[in-house]
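# Structural overview for review
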Amino acid sequence: AAFLSSFSYSLYLFHIPIIIVLKRAGLLIRHDTLSLATLTIYCGNLLLILAGSYAAYMLFERHTQSVRQWLYSRWLRKPAIPTVPTVLGSPTRDTP
């Protein structure tokens, strides 16, 4: 269960496109009777959906935290407080 939960969002996003590809390729067929052949096709389709979703996870989702940290450090870091340059000869508190 922990393994499936690691790529559950990718599974959620990619299962319908994978089903559409399988259907257009003729690999997803609706069967009204349960037999060994239909059970084998069902298990094969399930494995293809899981494998495709896991591949999408490996390509995209597993990098989310490092990308988030990079974006935060790049774009959301606090700017340095600007210092006012002193002009030579300007009065200071130490001079009367």
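Residues numbered from 1 in each chain as written. Predicted model: local features only at pLDDT ≥ 70, side-chain atom pairs only at ≥ 80, totals over all residues. Heavy atoms only, no water.

## Quick word on the overall build of the protein
- A count of helical and extended segments in the protein gives 4 helices and 0 strands.
- The N-to-C order of helical and strand elements in the protein reads α-α-α-α.
- Expressed as a percentage of its 96 residues, the buried residues of the protein come to 10%.
- Within the protein, residue pairs in contact and separated by at least 24 positions form 78% of the contacts whose partners lie at least 6 positions apart.
- Surface exposure of the protein reaches about 8700 Å², of which carbon and sulfur atoms provide 68%. (Helix = DSSP H or I, 4+ residues; strand = E, 2+ residues; numbered from the N terminus. Buried < 20%, exposed > 50% of the residue type's maximum accessible area, 1.4 Å probe, protein only. Contact = heavy atoms within 4.5 Å. Areas by Shrake-Rupley, 256 points an atom, 1.4 Å probe, with all protein chains shown as cover.)

## Comments concerning the packing of helix α2 (residues 8-24) against helix α3 (residues 36-59)
- Interhelical geometry of α2 versus α3 gives an angle of 130° and a closest axis separation of 9 Å. Taken together, the axes of α2 and α3 are oblique relative to one another. In the packing of α2 onto α3, the handedness of the crossing is right-handed. Residue-level contacts link Ser10, Leu11, Phe14, His15, Ile18, Ile19 and Leu22 of α2 to Asn45, Leu48, Ile49, Leu50, Gly52, Ser53, Ala56 and Tyr57 of α3.
- Looking at the contact of α2 with α3 residue by residue, the classes come out as 10 nonpolar, 5 polar and no charged. (Axes fitted to C-alpha atoms, helices over the stretch in contact; angles between N-to-C directions. Parallel < 35°, antiparallel > 145°, perpendicular 65-115°, else oblique. Left-handed = near helix turned anticlockwise from the far one by under 90°. Nonpolar A, V, L, I, M, F, W, Y, C, P; charged D, E, K, R; others polar.)

## A closer look at a nonpolar patch on the surface
- A cluster of nonpolar residues, Val67, Trp70, Leu71, Tyr72, Trp75 and Leu76, forms a patch on the protein surface that exposes about 720 Å² of accessible area.
- Along the polypeptide, Trp75 turns up in helix α4 (residues 64-75). (Patch = residues over 30% accessible without salt bridge, like charges linked within 9 Å, V, L, I, M, F, W, Y side chains within 5 Å. Salt bridge = Lys/Arg side-chain N within 4 Å of Asp/Glu carboxyl O.)

## Re the confidence of the model for the protein
- Averaged over all residues, the pLDDT of the protein is 78; the fraction at 70 or higher stands at 79%.
- Highest mean pLDDT in the protein belongs to α3 (87); lowest belongs to helix α1 (residues 2-6) (76). (pLDDT = per-residue confidence, 0-100.)

## Some details on the packing of aromatic side chains
- Evaluation of the coordinates by the stated rule reveals 4 aromatic pairs.
- Centre to centre, the rings of Phe7 and Tyr57 are 6.5 Å apart; their planes meet at 45°, and the pair counts as tilted. Of this pair, Phe7 sits in the loop between α1 and α2 while Tyr57 sits in helix α3, and the two are 50 residues apart along the sequence. Across the pair, exposure class does not vary: Phe7 and Tyr57 are buried alike.
- Taken together, Phe7, Tyr54 and Tyr57 form an aromatic cluster joined through their ring pairs. (Phe/Tyr/Trp six-rings, centres within 6.5 Å; stacked < 30°, edge-to-face > 60°.)

## Some remarks on the environment of Phe7
- Taking the relative accessible area as the measure of exposure, Phe7 reaches 1% and is therefore buried.
- On a C-alpha basis, the gap between Phe7 and Met58 in space is 8.5 Å, while along the polypeptide they are 51 residues apart.
- Once residues within four sequence positions are removed from consideration, Phe7 is found in contact with Leu50, Ser53, Tyr54, Tyr57 and Glu61.

## Observations regarding the side chain of Thr38
- Examined against the element boundaries, Thr38 turns out to sit in helix α3.
- Those residues in contact with Thr38 that lie beyond four places of it in its chain are His31 and Thr33.

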